[in-house]
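Residue strings, one per chain:
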Amino acid sequence: MTPARMAAIHAAAFEGKGEVWSEAEIAALRAQPTTDFIATGNNGFVLLRIIPPEAEILTLAVDPAAQRRGLGVILVDVAAALVAGRGAETLFLEVAEDNTAARALYDKAGFTEVGRRKGYYARHDGPAVDALILSRLLPAEKTGKACKS
């Protein structure tokens, strides 16, 4: 998936809900050696930063026309497997407190709240919203940290 398509999906998915990332910003992130991405065809993507033993979901976006079809779940599951395979033991992300759909996705995927950034996300139509910092421990057998008996 091209940075242009990623930017278009991001703009559509986050329109009116927060910061939208440009094609140039996405391209710059993708050029960094610690980042990677996963795409579901041409309808959604997750952008990751991987610095073992931790990894972070920088953003996840699904085209609104393709939402509610399980693509977010697929992206999170594949992302967790990818980063675990590269040595990450914990996967982090930040999500806006008012993003109920994303919070439900991450709750279903086994993430728990480990922190909060007060007033982190600016809103054009109201006060800033807290960012919830979520994490998920990754299965030891996928990270290569499993104990042999």
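Everything that follows concerns the structure shown earlier in this document.
Summary of the structure given here. (Residues numbered from 1 in each chain as written. Predicted model: local features only at pLDDT ≥ 70, side-chain atom pairs only at ≥ 80, totals over all residues. Heavy atoms only, no water.)

## Concerning the overall build of the protein chain
- Along the protein chain, the regular secondary structure elements total 5 helices and 6 strands.
- Counted from the first residue to the last, the protein chain has its helices and strands arranged as α-α-β-β-β-α-β-α-β-β-α.
- Against the globule reference of 15 Å for 149 residues, the protein chain gives a C-alpha radius of gyration of 15 Å, in line with a compact fold.
- Looking at the 149 residues of the protein chain, the share that counts as buried comes to 41%.
- Contacts spanning at least 24 positions in sequence make up 57% of the contacts within the protein chain whose residues lie at least 6 apart.
- Summing over all exposed atoms, the protein chain offers an accessible surface of approximately 8200 Å²; the carbon and sulfur share of this is 53%. (Helix = DSSP H or I, 4+ residues; strand = E, 2+ residues; numbered from the N terminus. Rg over C-alpha atoms; globule rule 2.2 N^0.38 Å. Buried < 20%, exposed > 50% of the residue type's maximum accessible area, 1.4 Å probe, protein only. Contact = heavy atoms within 4.5 Å. Areas by Shrake-Rupley, 256 points an atom, 1.4 Å probe, with all protein chains shown as cover.)

## Brief notes about unusual backbone geometry
- For the peptide bond that leads from P52 to P53, omega is 15 degrees, which places it in the cis range.
- Along the chain, P53 turns up in the loop between β2 (44–51) and β3 (54–62).

## Looking at the packing of helix α3 (residues 71–85) against helix α4 (residues 100–108)
- The N-to-C vectors of α3 and α4 enclose an angle of 45 degrees; their axes lie 10 Å apart at closest approach. Between α3 and α4, the angle falls in the class oblique. Like other packed secondary-structure pairs, α3 and α4 cross with a definite hand, here right-handed. In this structure, α3 contributes G72, V73 and V76 to the contact, and α4 contributes L105, Y106 and K108.
- Grouping the constituent residues of the contact of α3 with α4 by class yields 4 nonpolar, 1 polar and 1 charged. (Axes fitted to C-alpha atoms, helices over the stretch in contact; angles between N-to-C directions. Parallel < 35°, antiparallel > 145°, perpendicular 65-115°, else oblique. Left-handed = near helix turned anticlockwise from the far one by under 90°. Nonpolar A, V, L, I, M, F, W, Y, C, P; charged D, E, K, R; others polar.)

## Side note on the pattern of salt bridges
- Scanning all chains against the criterion turns up 7 salt bridges.
- Residues E94 and R117 are paired through a salt bridge, measuring 2.5 Å at the closest nitrogen-oxygen approach. In this pair, E94 is assigned in strand β4 (residues 90–96) and R117 in strand β5 (residues 112–123), connecting sequence segments 23 residues apart.
- According to the relative accessible area criterion, E94 is partly exposed, its value standing at 21%.
- E97 is the salt-bridge partner of R116, the closest N and O atoms lying 2.9 Å from each other. Placement of the pair is R116 in strand β5 and E97 in the loop between β4 and α4, with a sequence separation of 19 residues. (Salt bridge = Lys/Arg side-chain N within 4 Å of Asp/Glu carboxyl O.)

## Considering the layout of surface pockets
- In this structure, the largest pocket spans a volume of roughly 1100 Å³.
- Around the largest pocket, the lining is made up of 39 residues, and of these F14, L60, N99, A102 and Y106 lie nearest the centre.
- Listing elements by their share of the lining of the largest pocket, those giving two or more residues are α1 (3–14), β3, α3, β4, α4 and β5.
- Among the elements that line the lining of the largest pocket, the one with the most residues is β3, at 7 residues.
- Class assignment for the residues of the lining of the largest pocket results in 22 nonpolar, 8 polar and 9 charged. (1 Å grid on protein atoms, 1.4 Å probe; cavity = no way out; pocket = protein on both sides within 12 Å on 5 of 7 lines; lining within 4 Å. Points joined across faces, edges and corners; volume = space filled by probe spheres on them.)

## Points about the sheet that holds β5
- Ordered by their spatial adjacency, 6 strands build an open sheet running β1-β2-β3-β4-β6-β5, and the pairing between neighbours is mixed. Lying at the two open borders of the sheet, with one neighbouring strand each, are β1 (35–40) and β5. Strand-to-strand, the axes of this sheet are offset by a mean angle of 25 degrees, without reference to chain direction.
- Bridge count for β5 against strand β6 (residues 126–137) is 7 bridges, and the pairing is antiparallel. Note on β6: the bridge partner recorded for Y121 is V129. (Pairing = 2+ DSSP bridges.)

In short, shape yes, function no, at least from these values alone.
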